[in-house]
Amino acid sequence: MAFVEFNDVRKVYKMGEVEVAAADGMTFSAEAGEFVVVVGPSGAGKTTLLNMLGGMDSCTSGTITLDGREISRFTERQLTQYRRLDIGFVFQFYNLVQNLTALENVELASQICPHPLDAAQVLAQVGLSHRMDNFPAQLSGGEQQRVAIARALAKNPKLLLCDEPTGALDYKTGKAILKLLQDTCRTTGKTVVLITHNSAFADIADRVIHVREGRVASCYINPHPGNAADLEW
Ligand SMILES: Nc1ncnc2c1ncn2[C@@H]1O[C@H](COP(=O)(O)OP(=O)(O)OP(=O)(O)O)[C@@H](O)[C@H]1O
């Protein structure tokens, strides 16, 4: 069994009489330690996929497993634990607590986990040892995203889920964040799933999943993943 498995997963939203199948039979798998890029146009179902994998949304039918556990059968209580312990999230707009310093933001996340990593050490890993005592408003967008990544990593999660993590950043800063995520995957062996509408990012993935109209159009291993630092788009 693969580390991540989606088997014929559907997610139907009902809006009055109208039904929207945001996921319309998604099937794919990914292995532990892979840098997985999920790519597709707007409205394809990428966020829906990530939310279901992260336990933020449930599927209407099908099965989702992570590390041998069928999360699609989890109760609300199990899902809370799963989100808290097993998943690190990185969002497009960082979502930091504005009245806490960088260090306190990372410590906050570690406090809900039984085996967190040292917050200061993780901040150093993402290149922010000199900015630990700054508040988010005193940091650039790229630095805030680094804090958000440190916060997710400090939980020592099984899976790092990133929803358009470079979407709010300029080209150069976005590239540095991509490099950080790829390096993190390589050095810590963490499984990273990144969703994007930018198909150029597929070049640096270990595994590429193309999503179209609620379905997985293709899922393949990239035989020669490039370095994020060399990526041009
Ligand atoms: N809560 C919801 N209620 C109704 N429809 C929804 C809901 N969430 C998503 N959808 C619909 O499901 C489809 C897939 O949406 P989703 O956000 O997963 O796409 P996406 O690929 O992430 O798009 P984007 O890149 O624009 O964020 C879209 O047609 C969207 O309108």
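No experiment lies behind these values; they were computed from the predicted model shown.

A short note on the sheet that holds strand β6 (residues 87-90)
Right, on to step 1. Reading across from one edge, β6-β7-β8-β3-β9-β10 is the order of the six strands in this open sheet, with mixed pairing throughout. At either end of the open sheet lies a strand with only one pairing partner, and these are β6 and β10 (215-221). Each adjacent strand pair in this sheet contributes to an overall mean axis angle of 15 degrees, direction not counted.
Right, on to step 2. Here five bridges tie strand β7 (residues 159-163) to strand β8 (residues 191-196), and the two strands are oriented parallel to one another. Paired with Leu 160 across the two strands is Val 192, which belongs to β8.
Right, on to step 3. Its contacts with the sheet put helix α5 (residues 141-154) on β6 and β7, and the angle it makes with β6 is roughly 170 degrees.

Remarks on the packing of aromatic side chains
Right, on to step 1. Summed over the entire model, instances satisfying the criterion amount to five aromatic pairs.
Right, on to step 2. Between Phe 74 and Tyr 82 the ring centres are 5.9 Å apart and the planes differ by 80 degrees, which places this aromatic pair in the edge-to-face class.
Right, on to step 3. Using a relative accessible area of 16% as the deciding quantity, one classes Phe 74 as buried.
Right, on to step 4. Their ring planes at 50 degrees and their centres at 4.5 Å tell us that Tyr 171 and Trp 233 sit as a pair that is tilted. You can see Tyr 171 sitting in helix α6 (residues 171-188) and its partner Trp 233 sitting in the segment after β10, a full 62 residues away along the chain.

A word on the nonpolar core
Right, on to step 1. Of all hydrophobic cores here, the largest spans 40 residues; its most connected members are Phe 35, Leu 123, Val 147, Ile 149, Leu 160 and Leu 181.
Right, on to step 2. For this core, the secondary structure elements donating two or more residues are β3 (35-39), α3 (102-110), α4 (119-125), α5, β7, α6 and β8.
Right, on to step 3. Not counting the four nearest positions on each side in its chain, Ile 149 is found in contact with Val 90, Val 126, Ile 177, Leu 180 and Leu 181.

Here's the deal with the site of the ligand
Right, on to step 1. Around the ligand, a shell composed of Tyr 13, Met 15, Val 20, Ala 22, Pro 41, Ser 42, Gly 43, Ala 44, Gly 45, Lys 46, Thr 47 and Thr 48 is seen.
Right, on to step 2. Between the ligand and the protein, one listed contact pairs an oxygen atom with a side-chain N or O atom of Thr 47 at 2.8 Å.
Right, on to step 3. Taking Thr 48, its side chain carries an N or O atom lying 2.5 Å from an oxygen atom of the ligand.
Right, on to step 4. Within the complex, 60% of the 630 Å² of free accessible area of the ligand lies under protein.
Right, on to step 5. Those elements that provide at least two residues to the shell around the ligand are β1 (4-15), β2 (18-30) and α1 (46-53).
Right, on to step 6. Examining the composition of the shell around the ligand, we find that three residues originate from one element, α1, more than from any other.
Right, on to step 7. Here the residues of the shell around the ligand sort into six nonpolar, five polar and one charged.

Concerning the side chain of Thr 196
Right, on to step 1. With respect to the secondary-structure elements, Thr 196 resides in strand β8.
Right, on to step 2. Engagement of the side chain of Thr 196 in a polar contact is seen with the backbone nitrogen of Asn 198, the distance being 2.8 Å.
Right, on to step 3. Contact partners of Thr 196, with chain neighbours within four places excluded, come to Val 37, Val 38, Val 39, Gly 40, Lys 46, Glu 164 and Phe 201.

Topic: the pairing of β10
Right, on to step 1. In terms of strand pairing, strand β9 (residues 207-212) meets β10 through six bridges, oriented antiparallel. By the bridge assignment, Val 208 is partnered in β10 with Tyr 220.
Right, on to step 2. Counting the residues that bridge the hairpin from β9 to β10 gives two residues, and of these Glu 213 lies at a positive phi of roughly 50 degrees.

As for the pairing of strand β4 (residues 61-66)
Right, on to step 1. Alignment of β1 against β4, held across five bridges, turns out to be antiparallel. Among the inter-strand pairings, Glu 5 is bridged to a residue of β4, identified as Thr 65.
Right, on to step 2. Pairing geometry for β4 and strand β5 (residues 69-70), over two bridges, is antiparallel. Residue pairing in the sheet places Leu 66 in a bridge with Arg 69 of β5.
Right, on to step 3. Hairpin connection from β4 to β5: two residues lie between these consecutive antiparallel strands, with Asp 67 at a positive phi of about 50 degrees.

Here's the deal with the UniProt feature "domain: ABC transporter" (unreviewed entry) in the protein
Right, on to step 1. Within this numbering scheme, the UniProt entry marks residues 4-233 as carrying the feature "domain: ABC transporter" (unreviewed entry).
Right, on to step 2. Span residues 4-233 is 29% helix and 29% strand, its end C-alpha atoms 29 Å apart.

About the criteria used
- Residues numbered from 1 in each chain as written.
- Predicted model: local features only at pLDDT ≥ 70, side-chain atom pairs only at ≥ 80, totals over all residues.
- Heavy atoms only, no water.
- Pairing = 2+ DSSP bridges.
- Helix = DSSP H or I, 4+ residues; strand = E, 2+ residues; numbered from the N terminus.
- Axes fitted to C-alpha atoms, helices over the stretch in contact; angles between N-to-C directions.
- Contact = heavy atoms within 4.5 Å.
- Phe/Tyr/Trp six-rings, centres within 6.5 Å; stacked < 30°, edge-to-face > 60°.
- Buried < 20%, exposed > 50% of the residue type's maximum accessible area, 1.4 Å probe, protein only.
- Core = buried A, V, L, I, M, F, W, Y, C linked by side-chain atoms within 4.5 Å.
- Near = heavy atom within 4 Å.
- Polar contact = N/O pair within 3.5 Å; in protein donor to acceptor, adjacent residues only side chain to side chain.
- Areas by Shrake-Rupley, 256 points an atom, 1.4 Å probe, with all protein chains shown as cover.
- Nonpolar A, V, L, I, M, F, W, Y, C, P; charged D, E, K, R; others polar.
- UniProt positions renumbered as here; feature names shortened; annotations may be inferred.

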